[in-house]
Amino acid sequence: MGCGYAIGKFAPFQTLPVRDLAQISHNVLLSHGKAVKVIREHAKKKPIVGFAFCTPCWTPENDSPEAVEEARRKSFSISRGRLCFDAAWWADPIVLGDYPKEAYEVLGDDMPQIAPGDLECISQPIDFYGVNIYESKANENPDGYAENAYLGCARTQMGWPVTPEALYWGPKFLYERYRKPILITENGMASHDWVQLDGKVHDPQRIDYMKRYLRELYRATQDGIDVMGYMYWSVMDNFEWADGYDKRFGLVHVDYCTQKRTIKDSGYFYRDVIRTNGEAIFSDTWEG
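Let me sum up the structure you'll find in this document. For clarity, every value in this text was computed on a predicted model and none was experimentally measured.

The next thing to look at is the overall build of the protein. Tallying secondary structure elements over the protein gives nine helices and six strands in all. By the compact-globule yardstick of 19 Å for 288 residues, the protein fits well, its C-alpha radius of gyration being 20 Å. Judged by the C-alpha coordinates and their principal axes, the protein covers about 65 × 55 × 40 Å. Counting all 288 residues of the protein, 48% fall into the buried class. Relative to all contacts within the protein whose residues are 6 or more apart in sequence, the contacts with residues 24 or more apart total 64%.

Listed below in C-alpha cells is the structure:
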C-alpha cells in the first residue's frame, strides 16, 4: 500500500493525502479482522493465523541503554509522511486493540473514521507476527547520509545496505512489544547473477549475506526471542514489482528467454543449512 498509494513507486503510482491513506489502511485492517474471524469460524482444523508487514527496523548506534531505547522508540514512532510504513500504525490495532496514542496526536483530524466495533473486529486474536526485514535504519549524520549507508558500504543490487543486525534488533523489539512469535516472512538479497562458463551460478555474496543475517537471528533466539521461522526471499528469480525481471533475489536462477532453471551456489548452501539444522551458518567457508 505504501509504495503504491503513498510514495507512488509501485502501481497504481499514486501519492494520496494523509487523510485518505489513514482511511484506506483502516479499511485494510478491518478486512484483516473479518478474514481472521471467518477463518477461525470455518476452518476444519485449528488454524495458525497471523499477518506480514514490511516496516522499518531501527538499530542502535551502540549497546548502551540510551541508544537501544532510542532505536526502540524510532522503530514504533508515527510520522505523517511515512504513515503506511510505520509498524505500530498497523500492529498496535491488531495486537493491542487501538492505534498508538502518538497517531492520534500526529494525525489529528486526519485519523480514520472509527465506527463502533471496528477496533474489536480488527483485534481478532492472532498466533504470530510476520515481518519482512532486509535492512536497518540509522540516524542521519552531519555528512548527509545514514550511518549504515555511508559511501562505499556493502549494498545489494537494490542499493540496500547490508545490515545483518536488523535480524537481531527487529525481532527483539517486535517480540518485546507484542509478545507474539516472530516469523521472518522475507529476507534476502538481489545480486548480479548469471550462468557462468562452467554452467553454474556462483553467488558468494549471497551466501555471505545469509550467514551474517541468520547468525543475528540465531542470536535473537539465544536472547529468548520466540522465533517461529525464517523464509528466504526468494526460491526463484521472479518479477520484482517496478523493477520487473532486472533484480534477481532467487536461490534458483531463471533464464527468462528459455525458462531454464539453475540452482545457484546459495541454493545448495541453503540446502545444507536445512540439512544441518542451522550449523552450516557458523562455518566461515563453504564448498558446494
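That was the structure; now back to the text.
Right, let's talk about the pattern of salt bridges for a bit. The final tally for this structure, using the stated rule, is 20 salt bridges. Across the pair Arg-72 and Glu-69 runs a salt bridge, and its minimum N-O distance is 3.3 Å. On the criterion of helical spacing, the pair formed by Arg-72 and Glu-69 is a turn pair, its members being three residues apart in helix α3 (residues 65-75). Since its relative accessible area comes to 44%, Glu-69 is described here as partly exposed. Residue Asp-272 is joined to Arg-275 by a salt bridge in which the shortest nitrogen-to-oxygen separation is 3.6 Å. You can see Asp-272 and its partner Arg-275 sitting in helix α9 (residues 265-275), three residues apart, about one turn around the helix. Since its relative accessible area comes to 13%, Asp-272 is described here as buried. Since its relative accessible area comes to 59%, Arg-275 is described here as exposed. What you see here is one network of salt bridges that share partners, running through Asp-193, Asp-203, Arg-206, Asp-237, Arg-248 and Lys-264.

On to the state of the cysteines. A full pass over the atoms with the stated rule returns zero disulfides. Residue Cys-57 stays outside any disulfide, its sulfur separated by 11 Å from that of Cys-54, the closest cysteine. Taking the relative accessible area as the measure of exposure, Cys-57 reaches 5% and is therefore buried. Between Cys-121, a free cysteine, and Cys-84, which holds the nearest cysteine sulfur, the sulfur-to-sulfur gap is 20 Å.

Attention now goes to the nonpolar core. Membership of the largest hydrophobic core comes to 59 residues, with the highest contact counts inside it found for Trp-89, Leu-107, Tyr-129, Ile-184 and Tyr-230. Among the elements that line this core, the one with the most residues is helix α7 (residues 166-178), at eight residues. In contact with Leu-107, not counting residues within four places along its chain, are Val-18, Ala-22, Ile-78, Arg-80, Leu-83 and Trp-89.

Moving on to the sheet that holds strand β4 (residues 227-230). Across a sheet, strands are paired by hydrogen bonds formed along the backbone, either parallel or antiparallel in direction. As summarised here, the arrangement of the four strands in space is β1-β2-β3-β4, forming an open sheet in which the pairing is parallel. The open sheet has two free edges, formed respectively by β1 (50-53) and β4, since each of these has just one partner strand. Averaged over all neighbouring strand pairs, the angle between strand axes comes to 25 degrees, with direction disregarded. Along the sheet, α7 makes contact with β2 (128-132), β3 (182-186) and β4, crossing β3 at roughly 135 degrees.

So, on to the packing of helix α8 (residues 204-222) against α9. At a minimum axis separation of 9 Å, α8 and α9 run at an interaxial angle of 30 degrees. By the angle between their directions, the pair α8 and α9 is classed as roughly parallel. Contact residues: α8 offers Arg-206, Ile-207, Met-210, Lys-211 and Leu-214, while α9 offers Asp-265, Ser-266, Phe-269, Tyr-270 and Val-273. Considered class by class, the residues forming the contact of α8 with α9 number six nonpolar, one polar and three charged.

As a packed pair, helix α2 (residues 18-42) and helix α4 (residues 87-96) sit with axes 11 Å apart at the nearest point and diverge in direction by 40 degrees. The angle between α2 and α4 places the two elements in the oblique class. Here α2 runs over α4; the crossing is right-handed. Seen from α2, the contacting residues are Ala-22, Ser-25, Val-28, Leu-29 and His-32; seen from α4, they are Trp-89, Trp-90, Pro-93 and Ile-94. Grouping the amino acids of the contact of α2 with α4 by side-chain chemistry returns seven nonpolar, two polar and no charged.

Under the counting rule described, the total for this entry stands at 19 aromatic pairs. Centre to centre, the rings of Tyr-232 and Tyr-270 are 6.4 Å apart; their planes meet at 50 degrees, and the pair counts as tilted. Placement of the pair is Tyr-232 in the loop between β4 and β5 (252-254) and Tyr-270 in helix α9, with a sequence separation of 38 residues. An aromatic cluster is defined as three or more aromatic residues linked by ring pairs; in this entry it consists of Phe-51, Phe-53, Phe-76, Trp-90, Tyr-129 and Tyr-178. Between the NZ or CZ atom of Arg-177 and the centre of the ring of Phe-76, over which it lies, the distance is 4.5 Å.

The rules we used
- Residues numbered from 1 in each chain as written.
- Predicted model: local features only at pLDDT ≥ 70, side-chain atom pairs only at ≥ 80, totals over all residues.
- Heavy atoms only, no water.
- Helix = DSSP H or I, 4+ residues; strand = E, 2+ residues; numbered from the N terminus.
- Rg over C-alpha atoms; globule rule 2.2 N^0.38 Å.
- Buried < 20%, exposed > 50% of the residue type's maximum accessible area, 1.4 Å probe, protein only.
- Contact = heavy atoms within 4.5 Å.
- Salt bridge = Lys/Arg side-chain N within 4 Å of Asp/Glu carboxyl O.
- Disulfide = S-S within 2.5 Å.
- Core = buried A, V, L, I, M, F, W, Y, C linked by side-chain atoms within 4.5 Å.
- Pairing = 2+ DSSP bridges.
- Axes fitted to C-alpha atoms, helices over the stretch in contact; angles between N-to-C directions.
- Parallel < 35°, antiparallel > 145°, perpendicular 65-115°, else oblique.
- Nonpolar A, V, L, I, M, F, W, Y, C, P; charged D, E, K, R; others polar.
- Left-handed = near helix turned anticlockwise from the far one by under 90°.
- Phe/Tyr/Trp six-rings, centres within 6.5 Å; stacked < 30°, edge-to-face > 60°.
- Lys NZ or Arg CZ within 6 Å of the ring centre and 35° of its normal.

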